[in-house]
Amino acid sequence: MRFLTLDVFTNARFGGNPLAVFPQADGLSDAEMQALAREFNMSEIAFVQAPRDPRNTAHVRIFTPEMEIGFAGHPNVGVGWVLANEGRDHDGILRLEQAAGLVEVQVQRQNSAVAACLIAAPQALSLGEAPSQEDIAACVSLSSAEIGAPALASVGLSTVCVPVSAQTLAKAKCDPLAFQALARRRPDLAKICLLYLYVLEENSARARMFAPLSGTIEDPATGSAGAALASLLLSGRPNARIDLNITQGVEMGRPSQMRVIAQRIGEEIRAWVGGSCVPIAQGELL
């Protein structure tokens, strides 16, 4: 069974967020996919299977080292890049089924080569009850006075978005025990809780993401969180649309660049996130 690895949300080798993709993963059991996710030990790994609905391109399952999740940004961008390079898109569009819903991928080409992929988040913005400022501050080894008010937002995967200063962003340090304590107080966040710290600067942002409950202490690029953030920001403004360039992973030595769009469509706020990929390796599961 063939696999590829690539760096997502970057134009430079060894930047961005590493991803492994199994482009023909039919036949693997749930236990085998989870075991492979632990073996590769990346923030996520993607398994591409035959679509349940023949009108779609593929069914995609996404695993962290600890669990399966219903949606994530960089696996969908990476899967889109792999499948487009195999010529599996139709007029530049891929339709990927997953647990959180259908994800449409727009393939962008330059001189027939795949240059980038832009994915549509599977759900409209939804907001929930955020954890307390004190609990969130403890998760990143800060005082409550050093962070802004947390907000819980989702466009397919729940994300706690927290505004901070540039100095605080650099200072933050994940405390897994505090995350575990939060999960006990908030069972609804026990399966996975993305904590997204951000510094906003007009049409750009700097960010860091922590999610030890899913097996990822810090993530170099988190498309689902970026899409949730842009949607959250738009919800508090009269604008019809927000375009945001997000830089993440700098503190990890894996700088990443994401383009995120949030737009009002009727009564809903919808989001898209995209970027480039760099292939790294390919191999075969023995």
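As shown above, the structure is provided for reference.
Here is a short report on the structure shown in this document. (Residues numbered from 1 in each chain as written. Predicted model: local features only at pLDDT ≥ 70, side-chain atom pairs only at ≥ 80, totals over all residues. Heavy atoms only, no water.)

1. Concerning the overall build of the chain
Right, on to step 1. Scanning the chain from terminus to terminus reveals six helices and 18 strands.
Right, on to step 2. The C-alpha atoms of the chain give 18 Å as radius of gyration, which agrees with the globular expectation for 286 residues (19 Å, within 12%).
Right, on to step 3. Overall, the chain is about 50 × 40 × 35 Å in size when its C-alpha atoms are taken along their principal axes.
Right, on to step 4. Counting across all 286 residues of the chain, residues that qualify as buried make up 58%.
Right, on to step 5. Taking contacts inside the chain between residues at least 6 apart in sequence as the whole, the part at least 24 apart equals 62%.
Right, on to step 6. Counting only carbon and sulfur atoms, one obtains 49% of the accessible surface of the chain, whose full area is about 12,000 Å².
Right, on to step 7. Here the chain holds 23 positive side-chain charges and 29 negative ones, and the gap between their average locations is 1 Å. (Helix = DSSP H or I, 4+ residues; strand = E, 2+ residues; numbered from the N terminus. Rg over C-alpha atoms; globule rule 2.2 N^0.38 Å. Buried < 20%, exposed > 50% of the residue type's maximum accessible area, 1.4 Å probe, protein only. Contact = heavy atoms within 4.5 Å. Areas by Shrake-Rupley, 256 points an atom, 1.4 Å probe, with all protein chains shown as cover. Lys, Arg positive; Asp, Glu negative; His and termini not counted. Charge placed at Lys NZ, Arg CZ, Asp CG, Glu CD.)

2. Description of the packing of aromatic side chains
Right, on to step 1. Applying the stated criterion to the full structure yields five aromatic pairs.
Right, on to step 2. Arranged with centres 5.2 Å apart and planes meeting at 85°, the rings of Phe-3 and Phe-40 form a pair that is edge-to-face. Remark: Phe-40 occurs in helix α1 (residues 30–40) and Phe-3 occurs in strand β1 (residues 2–8); sequence separation between them is 37 residues.
Right, on to step 3. Assessed through its relative accessible area of 16%, Phe-3 is described here as buried.
Right, on to step 4. What makes Phe-40 partly exposed here is its relative accessible area of 23%.
Right, on to step 5. Ring geometry for Phe-22 against Phe-47: centres 5.3 Å apart, planes inclined by 25°, an arrangement best described as stacked. Highlighted residues: Phe-22 in strand β2 (residues 17–22) and Phe-47 in strand β3 (residues 45–49), separated in sequence by 25 residues.
Right, on to step 6. Accessibility expressed as a relative area gives 0% for Phe-22, which makes it buried.
Right, on to step 7. On the basis of relative accessibility, which here comes to 0%, the residue Phe-47 falls in the buried class. (Phe/Tyr/Trp six-rings, centres within 6.5 Å; stacked < 30°, edge-to-face > 60°.)

3. Some details on the pairing of strand β6 (residues 93–98)
Right, on to step 1. For strand β4 (residues 58–63) and β6, the ladder comprises two bridges, and the chain directions are parallel. When the bridges of β6 are listed, His-59 appears paired with Glu-97.
Right, on to step 2. Pairing of β6 with strand β7 (residues 101–110), which is carried by six bridges, proceeds in the antiparallel orientation. Among the inter-strand pairings, Arg-95 is bridged to a residue of β7, identified as Glu-104. (Pairing = 2+ DSSP bridges.)

4. Overview of the pattern of salt bridges
Right, on to step 1. Inspection of every chain in the model, using the stated rule, returns 16 salt bridges.
Right, on to step 2. Across the pair Glu-86 and Arg-2 runs a salt bridge whose closest N-O atoms are separated by 2.6 Å. Highlighted residues: Glu-86 in the loop between α2 (73–85) and β6 and Arg-2 in strand β1, separated in sequence by 84 residues.
Right, on to step 3. Glu-86 gets classed as partly exposed once you look at its relative accessible area, which sits at 32%.
Right, on to step 4. Owing to a relative accessible area of 34%, Arg-2 belongs among the partly exposed residues under this scheme.
Right, on to step 5. Residue Arg-259 pairs with Asp-243 through a salt bridge whose shortest N-O separation is 3.2 Å. Note that Arg-259 is positioned in strand β16 (residues 256–265) and Asp-243 in strand β15 (residues 241–248), a separation of 16 residues in sequence.
Right, on to step 6. Using a relative accessible area of 30% as the deciding quantity, one classes Asp-243 as partly exposed. (Salt bridge = Lys/Arg side-chain N within 4 Å of Asp/Glu carboxyl O.)

5. What about unusual backbone geometry?
Right, on to step 1. Despite not being glycine, Asp-91 has its phi angle at roughly 55°, a positive value.
Right, on to step 2. Examined against the element boundaries, Asp-91 turns out to sit in the loop between α2 and β6.
Right, on to step 3. The exposure class of Asp-91 is exposed, given its relative accessible area of 70%.
Right, on to step 4. Positive phi, normally seen in glycine, also occurs at Ser-141, with a value near 60°.
Right, on to step 5. With respect to the element layout, Ser-141 can be found in the loop between α3 (133–139) and β10 (151–154).
Right, on to step 6. Look at Ser-141 and you get partly exposed, because its relative accessible area is 41%.

6. Thoughts on empty space enclosed by the protein
The gaps of empty space that remain are located by a probe, the size of a water molecule, rolled over the atoms.
Right, on to step 1. One pass over the full model with this rule turns up one cavity of 30 Å³ or more.
Right, on to step 2. The space that makes up the largest cavity amounts to roughly 100 Å³.
Right, on to step 3. Around the largest cavity, the lining comprises 20 residues; the ones closest to its centre are Glu-44, Leu-194, Met-209, Asp-219 and Thr-222.
Right, on to step 4. Contributions of two or more residues to the lining of the largest cavity are made by α2, β13 (204–211), β14 (216–219) and α6 (223–235). (1 Å grid on protein atoms, 1.4 Å probe; cavity = no way out; pocket = protein on both sides within 12 Å on 5 of 7 lines; lining within 4 Å. Points joined across faces, edges and corners; volume = space filled by probe spheres on them.)

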